[in-house]
Amino acid sequence: MQHLKIAVFVSGGGTNLQALIDHIEEGEMPARIECVLSSKEDAYGLERARNHNIEGIFIGKKNYPECNERTCKILGILENYKIDLIVLAGYMGILDKAIIEEYRHRIINIHPSLIPSFCGKGFYGEKVHEGVLAYGAKITGATVHFVDEGTDTGPIILQKSVSVEDDDTVESLAKRVLKVEHELLPKAVKLFSEGRLKVEGRCVKEEL
Ligand code: GRF
């Protein structure tokens, strides 16, 4: 089976990137991370990439101030590497609709809540867990979904729940959810790499 060529987009620590690198290096799926793109120059995710001989590329407002310029640069890199799947792993940049259209149902994102709860504009990173605790929700979790033109609105691929404990803080809850993210993202990429995800409207069916 042809190896799936993956580009991972990060903006921060890159623990989800690391989880994906580890699962691939353990031979769990026919895939290879060809490059890591970051919207932040100092993202530790770039360091993680370099530690595994993966090209890390900074593309942000600082070095490509114009949106069109950034989009063209990103599309050029994706084309050069013949990328099959884009994985957003804590990516805080905005993907232009040209990229969404070109890679329809080939862009996967991980979000630290059970979409459609606590997602969309303003719900990212710790703000998600702050919202969960403030609302008094008893269950949260993680979601992997395809990316469309909206924010966290694409068809859901996988979800897994995490109980909210009475003594939870943002930090303790984020830690438990992140652990589930590290399990869910590689599982979704593996299913994609095996051609086992079928999108039917808003639904994603897992084929045997
Ligand atoms: C994760 O919580 C992810 O769900 C969210 O951003 C965070 C990224 O963490 N989109 P990391 O950079 O993968 O450690």
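Residues numbered from 1 in each chain as written. Predicted model: local features only at pLDDT ≥ 70, side-chain atom pairs only at ≥ 80, totals over all residues. Heavy atoms only, no water.

Peer 1: Describe the pairing of strand β6 (residues 139-146), listing the residues and the values that go with them.
Peer 2: In terms of burial, β6 is a largely internal element, 7 of the 8 residues being buried. Where strand β5 (residues 107-111) lies against β6, 4 bridges are found, and the strand directions are antiparallel. Opposite H111, over in β6, you have T143 as the bridge partner. Here β6 pairs with strand β7 (residues 156-163) via 7 bridges, running antiparallel. (Buried < 20%, exposed > 50% of the residue type's maximum accessible area, 1.4 Å probe, protein only. Helix = DSSP H or I, 4+ residues; strand = E, 2+ residues; numbered from the N terminus. Pairing = 2+ DSSP bridges.)

Peer 1: Describe the site of the ligand, listing the residues and the values that go with them.
Peer 2: Residues in close proximity to the ligand include G13, G14, T15, N16, G90, I110, H111, P112, L178 and E181, which together make up its full environment. At 3.3 Å, a backbone N or O of I110 approaches a nitrogen atom of the ligand. Residue E181 places a side-chain N or O atom 2.5 Å away from an oxygen atom belonging to the ligand. When the ligand is considered free in solution it has 360 Å² of accessible area, and contact with the protein chains removes 81% of it. For the shell around the ligand, the secondary-structure elements that each account for two or more residues are α1 (15-25), β5 and α6 (170-193). (Near = heavy atom within 4 Å. Polar contact = N/O pair within 3.5 Å; in protein donor to acceptor, adjacent residues only side chain to side chain. Areas by Shrake-Rupley, 256 points an atom, 1.4 Å probe, with all protein chains shown as cover.)

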